[in-house]
Amino acid sequence: MVKQIHFFVTLISFLVLATGCSRDDNSTRHRLIYNNDGTDILGNYMFNRPLTVMDVKDYVDMVANTQVTTFMICSGSDFMYYRSAYGRILGDDKKGALDCGKDTATCRALTNYYRNHLNLEKAGTDIIETTLKRAKEKGMEAFISYRMNDLHFSDTSMHCPVAYTDFWFAHPEYWINENTGWHSAGALDFAFKQVREHKLNIIKEQLNKYEELLDGYDLDFMRFIVYFRSGDGEKNAPLMTELLKQIKAEVDRISAKRGKKILLSARVPVSLDFCLQKGLDVREWVRLGLIDFVSIGVHYIGNPVIPVAEFKHDLEAPSVPVYASIEDGGYSPRETYSNGMYRGMASHILSQGGDGIYLFNYFFDRYKTQGINTADSALFCRVIVPDLLREIGSLRTLRGRNKIYCLDDGGSAAYGYEPETALPLTVAPRESAQVSIAVGDDLSDVRPEESILFIRTDKPAKCSISINNENITIQKPEYVHLFDRDRNLANGEMVYAYTLPLSCLKQGNNDISFQITGSDTIKIRRVEIALKYGDVKSRGYF
C-alpha cells in the first residue's frame with residue numbers, strides 16, 4: 001500500500017511539473033514568470049475603453065491556463081497604483097492644481113490612468129489587489145514587482161508636473177545628475193540614506209497592504225540599472241546589501257505572521273561583475289540568504305543570447321534558481337522579436353540550464369486589435385501572441401517547433417553595459433573571422449526539414465562561409481524576404497540566405513567562419529539560423 005501511495009504521489013508530481021503548473025509549492029524551481037508593468041492595465045490598452053474590474057481580470061486570464069506559473073504585477077515604483085502615504089497615484093493632477101500647460105497630450109494620457117484607477121476605487125479595489133487575487137484564483141503564484149529606480153518620469157524637459165513624483169521633484173539634491181543613459185541624470189542616488197529609507201518605506205507599505213495575497217515580492221533592479229554615480233557602485237554596494245537585509249527582515253516577519261513563506265527575488269544584470277559595478281553585490285545577497293531566486297536580463301532592447309550558464313557558474317549557488325528575462329525588444333534600431341525568435345531565445349535559455357523564463361513587457365494589445373498579422377509572406381509574425389505561452393516554458397514543448405537563433409547585434413548596450421558579442425564583425429580582404437552561434441535543439445532527436453543561415457552585411461559581400469568546418473554554398477535569395485530578414489535595411493546593407501546541410505549543425509555552439517574573397521572590407525551586422533520543422537500553421541510562425 002505504501003508503494004502504491006508513493007507511485008501516485010510521484011505520478012502527480014510528474015504531471016504537475018510536465019504542465020509547468022506547480023502552483024502552491026513555494027520551493028518550486030521551474031517558473032515561467034509573466035511581469036505586467038501596470039500601466040498596460042491602467043491605460044487599458046488591450047480594450048481601449050474606461051477600465052472595469054472585469055477588464056483587469058482579463059489581463060490575468062490572458063496568461064492563465066498556459067505554462068505561466070507566476071504572475072507579477074508592477075506596483076508603480078514612486079508613482080502608486082493604490083492610495084499611499086509616500087506618493088501620488090499615477091496621473092493624479094491634484095484636481096487640476098498640477099498644470100502641464102501646452103503639453104496636453106502627455107497630461108491627457110496620464111490623467112486617463114488616474115480616471116481608470118478611480119473606476120476601480122469606486123468598486124473597492126485597485127489593479128494590484130485585483131490581479132493578485134485573480135492570479136491565485138487561476139492557480140498561479142502572485143508576486144508584486146517593485147521597480148527600484150524607475151526613470152520614466154525623471155526628465156525635467158517634459159515640463160509636465162503631473163509626470164513628476166512628489167519625492168523626486170521635492171529633492172533635486174538626491175539626483176545623480178550624470179548622463180549615462182536615457183533619463184539617467186534624474187535617477188535617484190541611493191548613496192543618500194533618505195533615498196534608501198524612502199524606497200524601504202514604500203516596499204514595507206506594499207508588503208503589509210497586500211500580505212494576505214502575496215506569494216512573493218520581486219525587486220526589479222533592471223528598471224533602471226542606475227543607483228550610484230559612475231565609479232561609486234562597488235564601494236557603495238554594502239549600502240544596497242543593508243537595504244536588502246531590511247527588506248528581507250520585513251518579508252520574514254510577515255511570513256512568520258502568516259505561517260507561509262513569502263519569497264523575495266531580484267532581477268539584475270547578466271554579469272555578476274557588472275552587478276557589482278552598479279552597486280549590487282548579488283553574490284553576497286545569496287551568501288547571506290537574502291534572496292530566493294534571481295532573474296537576469298539586459299535593458300530594453302534585450303539580448304537573444306543571455307549567458308545563463310556562465311551566470312550560474314559564477315554565482316556558485318546551485319540551490320538558487322536562475323531565470324533569464326526576454327524583453328519585448330529586438331534589434332537596434334527598434335525591431336521587435338518575431339515568434340520564431342522568442343522560441344529560439346527560450347530554447348537557448350533552457351538548454352543552458354536556466355531554471356525558467358521571465359517575460360517582461362509581453363503585451364497583447366496589438367494581438368487584440370490586429371490579430372496574428374503575418375504581413376505579406378505569411379511565414380513570420382512579430383505580434384506577441386498568447387499561444388507562445390503554451391510553448392516557451394519548457395524544452396519539451398519547444399521540441400520540433402520553428403525557431404530562429406540569433407546573435408546580439410550590440411544593441412543591448414545601455415547604462416554602461418557592454419554586451420559580449422562578436423557583432424558587428426569586421427573582416428578584411430583575404431582574411432578570415434569567426435563567430436559562434438548556439439542552437440538549443442537536440443538535433444539528434446528531431447531533425448528540421450530545413451536549416452537556413454541568414455547573414456546581414458554593411459555592403460555587397462564576396463566571401464566563403466563554413467559552419468563547423470563544412471562549406472556552405474547553396475543560396476536562397478527569395479528566403480530573405482519570405483522570412484522577413486530584410487527589415488530596416490540601411491543604405492547599402494545586404495542580406496544573404498543559405499540552406500545548410502542537415503549534418504553541419506549540432507546542439508550547442510556552432511562555429512561560423514567567414515573568409516573575404518573580394519577586395520572590400522566587410523562588416524557583418526547580423527547572424528541568424530532558422531530551423532524549419534514544418535509549415536507555420538502546425539509548427540509555429542517564424
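Our subject is the structure that appears above.
Because the structure is predicted, anything quoted here is derived from the model rather than measured.

Caption draft 1: Molecular detail of the overall build of the chain. From N to C terminus, the chain includes 16 helices and 19 strands. Computed over its C-alpha atoms, the radius of gyration of the chain comes to 24 Å, within 12% of the 24 Å expected for a compact globule of 542 residues. Projected onto its principal axes, the C-alpha coordinates of the chain cover approximately 75 × 65 × 50 Å. The buried share of the chain, taken over its 542 residues, is 58%. In the chain, the proportion of contacts linking residues at least 24 apart, taken out of those at least 6 apart, comes to 79%. Carbon and sulfur atoms make up 51% of the accessible area of the chain, which amounts to about 22000 Å² in all. In the chain, 64 positive and 70 negative side-chain charges are present, and the distance between their average locations comes to 3 Å.

Caption draft 2: Inspection of the side chain of T70 at higher detail. Mapped onto the elements, T70 comes out in strand β2 (residues 70-74). Judged by its relative accessible area of 0%, T70 is buried. Among the polar contacts listed, one links the side chain of T70 to the side chain of T69, at a separation of 3.0 Å. Leaving out residues up to four positions away in the same chain, T70 has contacts with R31, L32, I33, Y34, E141 and F143.

Caption draft 3: Looking closely at the pairing of strand β19 (residues 522-532). For β19, the buried fraction is high: eight of the eleven residues fall into the buried class. Across four bridges, strand β11 (residues 403-406) lies against β19 in antiparallel orientation. Its bridge partner being in β19, I404 is matched across the sheet by A530. Relative to β19, strand β12 (residues 425-427) runs antiparallel, the two being bridged by three bridges. Bridge pairing in β19 links L425 to I524. Where strand β14 (residues 450-457) and β19 come together, eight bridges link them in antiparallel fashion. Paired with S451 across the two strands is L531, which belongs to β19.

Caption draft 4: Broad picture of the layout of surface pockets. Within this model, the largest pocket holds a volume of roughly 870 Å³. Forming the walls of the largest pocket are 46 residues, and the residues nearest its centre are D37, T39, R147, H152 and N361. For the lining of the largest pocket, the elements supplying multiple residues, two or more each, are α2 (39-42), α4 (104-122) and α13 (365-370). Take the lining of the largest pocket: its biggest share by element is three residues, from α4.

Caption draft 5: Highlighting the state of the cysteines. This model, assessed by the stated rule, comprises one disulfide. The disulfide bridge from C100 ends at C160, spanning 1.9 Å between sulfur atoms. The sign of the S-S torsion, about 65°, decides the handedness of the disulfide formed by C100 and C160: right-handed. Of this pair, C100 sits in the loop between β2 and α4 while C160 sits in the loop between β3 (141-147) and α6 (166-170), and the two are 60 residues apart along the sequence.

Caption draft 6: Local environment of the pattern of salt bridges. Here the structure, examined in full by the defined rule, presents 38 salt bridges. D166 is paired through a salt bridge with R88; the nearest N and O atoms lie 2.9 Å apart. Placement of the pair is D166 in helix α6 and R88 in the loop between β2 and α4, with a sequence separation of 78 residues. The salt bridge involving K459 is made with D458; its shortest N-O contact spans 3.1 Å. With a relative accessible area of 17%, D458 lands in the buried category. Several salt bridges share partner residues, and in doing so they unite E335, R382, D484, R487 and R526 into one network.

Caption draft 7: Looking closely at the environment of K138. Mapped onto the secondary structure, K138 falls in the loop between α5 (127-137) and β3. Residue classification places K138 among the partly exposed positions, given a relative accessible area of 30%. Distance in space between the C-alpha atoms of K138 and T69 is 9.9 Å, their sequence separation being 69 residues. Excluding anything up to four places from it in sequence, K138 contacts D61 and A64.

Caption draft 8: Just the nonpolar core, in detail. Membership of the largest hydrophobic core comes to 136 residues, with the highest contact counts inside it found for I127, F221, V268, V282, W285 and I296. Once residues within four sequence positions are removed from consideration, V268 is found in contact with F221, M222, C275, L280, V282, W285, V294, S295, I296, G297 and F311. Ranked by size, the runner-up nonpolar core spans 31 residues in total, among them V435, I467, C504 and I524.

Caption draft 9: Structural view of helix α11 (residues 308-315). Turning to α11, its buried residues number three or more, namely V308, F311 and L315. For α11, the buried positions fall inside an angular range of 65° around the axis, keeping them on one side. Contact partners of the buried residues in α11: β5 (263-268), α9 (272-277), α10 (282-287), β6 (293-296), β7 (322-326) and α12 (339-351). Looking one or two places after α11, you find E316, whose phi comes out positive at around 55°.

The rules we used
- Residues numbered from 1 in each chain as written.
- Predicted model: local features only at pLDDT ≥ 70, side-chain atom pairs only at ≥ 80, totals over all residues.
- Heavy atoms only, no water.
- Helix = DSSP H or I, 4+ residues; strand = E, 2+ residues; numbered from the N terminus.
- Rg over C-alpha atoms; globule rule 2.2 N^0.38 Å.
- Buried < 20%, exposed > 50% of the residue type's maximum accessible area, 1.4 Å probe, protein only.
- Contact = heavy atoms within 4.5 Å.
- Areas by Shrake-Rupley, 256 points an atom, 1.4 Å probe, with all protein chains shown as cover.
- Lys, Arg positive; Asp, Glu negative; His and termini not counted.
- Charge placed at Lys NZ, Arg CZ, Asp CG, Glu CD.
- Polar contact = N/O pair within 3.5 Å; in protein donor to acceptor, adjacent residues only side chain to side chain.
- Pairing = 2+ DSSP bridges.
- 1 Å grid on protein atoms, 1.4 Å probe; cavity = no way out; pocket = protein on both sides within 12 Å on 5 of 7 lines; lining within 4 Å.
- Points joined across faces, edges and corners; volume = space filled by probe spheres on them.
- Disulfide = S-S within 2.5 Å.
- Salt bridge = Lys/Arg side-chain N within 4 Å of Asp/Glu carboxyl O.
- Core = buried A, V, L, I, M, F, W, Y, C linked by side-chain atoms within 4.5 Å.
- Arc of directions from axis to C-beta.

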